[in-house]
Every structure is written in structure tokens, then in C-alpha cells.
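# Structural overview
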Amino acid sequence: MTTSLITYLIFIPLAGAILLYFVRKNPQAVRYAGLAVTVLVFLVSLGLYFNFDPTTADFQFVEYHRWIPSFDISYYVGIDGISLLLVMLTTFLTPIVLISSWKSITDRVAEYVGMMLILEAGLIGVFTSMDLFLFYVFWEIILIPMYFIIGIWGGKNRIYATIKFFLYTLVGSLLMLVAIIWLGWYASTLPGGHFTTNLITLLNIAPQIPLADQAWIFGAFALSFCIKVPLFPLHTWLPDAHTEAPTGGSVILAGVLLKMGTYGLIRFCLQLFPQASIEYAPLMATLGVIGIIYGALVSMVQKDVKRLVAFSSVSHMGFVVLGIFGMTLESLQGSLIQMINHGLSTGALFLVVGMLYERRHTRMIKDFGGLARVMPVFSTFFMIIMLSSIGLPGLNGFVGEFLILVGSFQSVVLGSPIYVIFAATGVIFAACYMLWMYQRVIFGEIRHEENKSLKDLSHREIGLLLPIILFIVWIGVYPSTFLSKSEASMQNIVKVLTDVQKGNPYVERLPQVPALRK
């Protein structure tokens, strides 16, 4: 089988991280080399996007190599419309993250850039793995660079935040590993079966597991993914990690890492365990709605801008979880596009907060005020991103939230509009805390002498934000450019869930690839 573009996307960053060793003594050369690698990866990913066939739910750009034949474990990668958009988000944000760290990271530059490249490779691996063991390997690999990014280049409480992040994620990951092993064993107990972690094989076996057993395995997977989302009440690691992480770490954490959890809920929980997903959809939707309201209310009382944005992530990701377990085409499409929207908008918010911190070395709201007078360009960019985050019509946030609310309202699985009624209050609360924060930071009188001499955005900083603003407007005005890529894949998931809910016999109608089984 020929080498897929996906393999290049995974291994180019890893090769780049190794090559940095040879220029490690020259920080500027390291920065340019790292940027060149990430730009190359983005250009290669465009090949996936423009050559992707959106009319089919089948996996594309598939590559398969046996890895551990005795357990049917393989290097098996491919994408469908769901993973395509998340891969593109990853390759788009990574060079922006490196440029944002150009001046703020001055110590151990080679190690920092290398960690970012390893992180990018791991993220692409997570979104493209078609073997559960391979998925788990990439999932765990991501822990390592993120651990060091927060622990070495983070704030004064970075060690506490790092250990908390590591322990939360590791506990969930180990439960997922146990569930993967159990699935492989279950496949071996079937007539003519054998142990396997092949996703395509398991997609046609796992849905037939009795509900009593399916519920336990669903719970193990869901717990791991909900920690990563993070879903209330498993969210407490996130504000600390965001607050202590360097700007680049916060951007990649909010922009892409959190999406690993919601991607896992769609790819594995809904597709492998449709009966259990339907059974526990009201519970998951309830936790999502609680997260929406809780995250918004806690954001409202924050005094630190970065911590406010961190808690807003809990609220926004609650919308995504609600949409996933609404299980309609509209709600699932809304959840996926909202993952992209959150990556763009919240990632950009962390960028502008980082730009403020570089100038004033404080993130406390009370230390600002009147910035529109001295930083008009910054204030304009900040306003667009803030309005995007609260879901202003015409910007990206509105599209995702609208589809989620409409789809969940129509959901037969949830069976009640009460979820949407309470979730809609989160939109109002978001406007409250974001507009209030913006008013205190940007408008009013300049109360502190230090703020009078603040410099407006540099050309580098404008260049960082412009591409994000472009997609914020693009998705808000013409979202079908991106929604069309995932529609066939989502329709396939909805059809399977609908048939299972109606009690129809489960038949093999899942995404197909060339026969690669034993």
C-alpha cells in the first residue's frame, strides 16, 4: 500500500523535532526551523482537504501496516469528514502557536519548539487512528509534551497545575486501556473470532454486545473522554492548567486538546456503543447543560482575564456535549463545527490575553481600563473575537450554537425541550460575562499610569490574528464550506443510532475500507 498523506502529517513534525537538535544552540534558527516544519505540515494537510470526497462516509487516505500481528494490532490510519476538520484545525493552529511564542519563550527554545512538534504529531495521530491500540498510544504521547510545556514554561504554580493535569488524564486513560483490552478479548470469544483492536472490525462487533456489558465499557471510554473535554464535574484541572500554561500552551490546549474528548465521544462512544449511548444520553446531556450554566456563572465572577476565558471553555464545551447526545444530524453537525469554532475563538482569546500580559505582566481585570484610547487596533481585534465567542449572528459561534440548540430541541433521544431551554441561558450568560469583561478592560478612563504608554499590536501580532478572524467570519457567513465535508459521516452515525433506537436488527452499514482483516 502506498504511503498516505496522513503518515507524512504524523512523521514530518517528529522528524522536525529530531532535526532541531542540530541547531539547538541558535534560538532564532530553531524558531524558523520549527515554523517551517509546521507550515509544511499545513500545506500537506491542504492536500487532504482538497482531495477529500465529501459524498461518502467511507474512510479515505487509508494506510495499513501490521504492527503486532499476534494481537491484530496495526498501524492503521485514515480520515472521514469528522476527523478531516479536526486535523485541519490542528495544522492551522500549530504555526500560529509557534509565532505567538516568538518573543515570549526565550529559555530552552529548542525544547519548547520540539515539544510543540511532538504534540502536533500526536494530535494528528489521535484524529486519524483506525486501530484502538494505536489511538491509545497517540493519546498517551500527547501527555508528555503538554506536561513539559506547562511544567517548564508555565507560571508560578505550574508544578501543581501540571501534576493535576497529568493525574486526571492518566486515570481516565488507564480505564480506556482496560476497555480496549476487553473489547479485543470479546472479539476473540465470537465464533471464528480473534483478539483485535481494528476499529472497522470492532465497529461491526461492539454494537451487538449486550447492553449490561456495553454500559460498563461505554462508561470507561466516556469517563476518559469527559475528563479531557472537560465535562462537569471533571473540569477542575482545566482552569489551573490554562492559567499556568504559557500562551502557546493555552492556545493549543483550548484549541485542539479539548477536542480529543468530544471527538472520542463521537468516534467511539456513539459508534461502538449505540445502545449504551442512547440509554445514557439524558445523563450526558444533563451534565453538558450543568457545565454550560456553571462555567458561565463562574466566568462572571473571575478577576483574572485568563481564568475567565478558561472557565468559559467549560461552558462552551458543554454545548458540544449536549449536541453530541442530541443525536440528530443538526446537533451532531453543530457539535463538530462548534469544536472548530471554539478552537478558533477561544484560541484567539488566549492569544490576545497573552499579548496583554507581555505588555503589562498582569492579567487582573482591575489593572486595565481605557485601552481603546491607546490600543485601538488591539481593541478592534479583541471585540471581533469576543463577539464570536458569545455567538453573534454573522460570526462562527452563532452557527454552532444554533445548530446544537435546534437539533437538540428536535431530539427524540432526549425527548424534552427542557435541555435546550436551560442551555439557551448559557448564551445570555456568555454575553454578560464577556461584554462586562470587555467593557472593564477596553473602555472607561485610563486609571493606571502604566497603561498610557502601552504599544498597539505589532505587524507580527496582527499577522497572527488575521487568519483566525478570516475563518471566524467565513464560518459565520458560509458554514457549508466546512459542514459539507462531514455531512455524509454524520448521516451515517445518525442512521445507525436511529435504527438501534427503533429496535431494528443491527446490520453492517458502517464506513468501509478495503478488506484488511486476517
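Residues numbered from 1 in each chain as written. Predicted model: local features only at pLDDT ≥ 70, side-chain atom pairs only at ≥ 80, totals over all residues. Heavy atoms only, no water.

## Some details on the overall build of the protein
For the protein, the helix and strand inventory stands at 19 helices and two strands. Against the compact-globule benchmark of 24 Å for 518 residues, the protein has a radius of gyration of 22 Å, which places it among compact chains. Taken along its principal axes, the extent of the C-alpha atoms in the protein is 75 × 60 × 40 Å. Here the protein holds 518 residues, and 62% of them are scored as buried. Put simply, of all contacts in the protein between residues at least 6 apart along the chain, 81% involve residues at least 24 apart. Of the roughly 18600 Å² of accessible surface on the protein, a fraction of 68% belongs to carbon and sulfur atoms. Averaging the coordinates of the 31 positive side-chain charges in the protein and doing the same for the 27 negative ones gives two points 8 Å apart. (Helix = DSSP H or I, 4+ residues; strand = E, 2+ residues; numbered from the N terminus. Rg over C-alpha atoms; globule rule 2.2 N^0.38 Å. Buried < 20%, exposed > 50% of the residue type's maximum accessible area, 1.4 Å probe, protein only. Contact = heavy atoms within 4.5 Å. Areas by Shrake-Rupley, 256 points an atom, 1.4 Å probe, with all protein chains shown as cover. Lys, Arg positive; Asp, Glu negative; His and termini not counted. Charge placed at Lys NZ, Arg CZ, Asp CG, Glu CD.)

## Observations concerning the packing of aromatic side chains
Going through the model one piece at a time under the given rule, you end up with 33 aromatic pairs. Between Phe232 and Tyr294, the aromatic rings sit 5.2 Å apart at their centres with planes inclined by 55°, giving tilted as the arrangement. Linking Phe232 in the loop between α8 (211–228) and α9 (237–244) with Tyr294 in helix α11 (residues 274–300), this pair joins segments that are 62 residues apart in sequence. An aromatic cluster is present here, built from Phe135, Trp139, Phe221, Phe225, Phe268 and Phe273 joined pairwise through their rings. (Phe/Tyr/Trp six-rings, centres within 6.5 Å; stacked < 30°, edge-to-face > 60°.)

## What about the pattern of salt bridges?
For side chains of opposite charge, pairing can occur when their charged atoms come near one another. Tallied over the entire structure, the rule returns 10 salt bridges. The partner of Asp80 in a salt bridge is Arg267, with the nearest N and O atoms 2.6 Å apart. Of the two residues, Asp80 is situated in the loop between β2 (73–79) and α3 (81–100) and Arg267 in helix α10 (residues 247–272); the sequence distance between them amounts to 187 residues. Between Glu449 and Lys452 there is a salt bridge whose closest N-O contact spans 3.4 Å. (Salt bridge = Lys/Arg side-chain N within 4 Å of Asp/Glu carboxyl O.)

## Considering the nonpolar core
Counting 184 residues, the largest nonpolar core has Leu183, Phe221, Leu265, Leu272, Phe325 and Val441 as its most contacted members. Considering every element that reaches this core, the biggest residue donor is α10, with 15 residues. Filtering out sequence-adjacent residues up to four positions away, Phe325 remains in contact with Phe218, Leu265, Leu270, Ser277, Ala281, Met284, Val413 and Leu414. (Core = buried A, V, L, I, M, F, W, Y, C linked by side-chain atoms within 4.5 Å.)

## Comments concerning the pairing of strand β1 (residues 60–68)
Where β1 meets β2, six bridges bridge the pair, whose relative direction is antiparallel. Residue Tyr64 lies in a different strand from β2, and its bridge partner there is Tyr76. Where β1 folds back on β2, the antiparallel hairpin that results is connected by four residues, among which Asp72 adopts a positive phi of roughly 50°. (Pairing = 2+ DSSP bridges.)

## Topic: a nonpolar patch on the surface
Residues Leu470, Val473, Trp474, Val477 and Tyr478 make up a contiguous nonpolar surface patch of roughly 500 Å² in combined accessible area. Relative to the assigned elements, Val477 resides in helix α18 (residues 459–477). (Patch = residues over 30% accessible without salt bridge, like charges linked within 9 Å, V, L, I, M, F, W, Y side chains within 5 Å.)

This is a description of form; function is not addressed.
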